[in-house]
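Descriptive analysis of the structure
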Amino acid sequence: MFFAFVSAAVELVIPLAARYVTSAIGSMQMQEAQGMLLRLGMMLAALVLV
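Residues numbered from 1 in each chain as written. Predicted model: local features only at pLDDT ≥ 70, side-chain atom pairs only at ≥ 80, totals over all residues. Heavy atoms only, no water.

1. Thoughts on the overall build of the chain
Convention followed: Per the convention used, a helix needs a DSSP run of H or I reaching at least four residues, while a strand needs a run of E reaching at least two, with both numbered from the N terminus. The globule rule used here is 2.2 Å times the number of residues to the 0.38 power, and the radius of gyration it is set against is calculated over C-alpha atoms. Note on exposure labels: buried denotes an accessible area under 20% of the residue type's maximum, exposed denotes more than 50%, and partly exposed covers the range between, all computed with a 1.4 Å probe on protein chains only. To measure how exposed things are, a 1.4 Å probe is used in the Shrake-Rupley method; for residues, cover is taken only from the protein chains shown.
When its secondary structure is counted, the chain shows 2 helices and 0 strands. Taking 10 Å as the expected radius of gyration for a compact globule of 50 residues, we find that the chain reaches 13 Å, considerably beyond that expectation. In terms of overall dimensions, the chain has C-alpha extents of about 45 × 15 × 10 Å along its principal axes. Counting across all 50 residues of the chain, residues that qualify as buried make up 14%. Per element, the accessible surface of the chain, about 4100 Å² overall, is 73% carbon and sulfur.

2. Concerning helix α1 (residues 2–24)
Residue pairs three or four apart in sequence face the same way in an α-helix, which turns once every 3.6 residues. The condition that has to hold: Under the convention used throughout, the expected extent of a helix is 1.5 Å for every residue step, that is, one less than its residue count. Whether two residues are in contact is decided by their heavy atoms, any of which lying within 4.5 Å being enough.
The end-to-end C-alpha distance of α1 is 32 Å, a good match for the 33 Å that 23 residues give at a rise of 1.5 Å each. What α1 keeps buried is the set Val6, Val10 and Ala17. Contact partners of the buried residues in α1: α2 (30–49).

3. Describing the environment of Leu12
Looking at the element boundaries, Leu12 is found in helix α1. Through-space distance from the C-alpha of Leu12 to that of Val48 is 12 Å; in sequence the pair is 36 residues apart.

4. A word on the packing of aromatic side chains
Note the threshold: Stacked, edge-to-face and tilted are the three classes for Phe, Tyr and Trp ring pairs, Trp counted by its six-membered ring, which pair at centre distances within 6.5 Å; planes under 30 degrees apart are stacked, over 60 edge-to-face, the rest tilted.
The full count for this structure, using the stated rule, is 1 aromatic pair. Consider the rings of Phe2 and Phe3, whose centres lie 5.3 Å apart with planes at 70°: the pair is edge-to-face. Judged on exposure class, the residue Phe2 and its partner Phe3 are both exposed.

So far we have only geometry, and geometry alone does not tell us how the molecule works.
Structural data, given as C-alpha cells:
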C-alpha cells in the first residue's frame, strides 16, 4: 500500500512541476532559470527513481 501511495504522489507532482517550469521559469533571467531547471530536473529524476 505504501508504494501505491508513493506512486500516486509522484504522478500528481510531475504535472505541477511542469506547470511551474512553463509559467515561472519563462520570465526568469537565463542564469536563474538554468539553476532552477537543474534543481527541478534532479528532483523529478529522484521522484521517478523512487
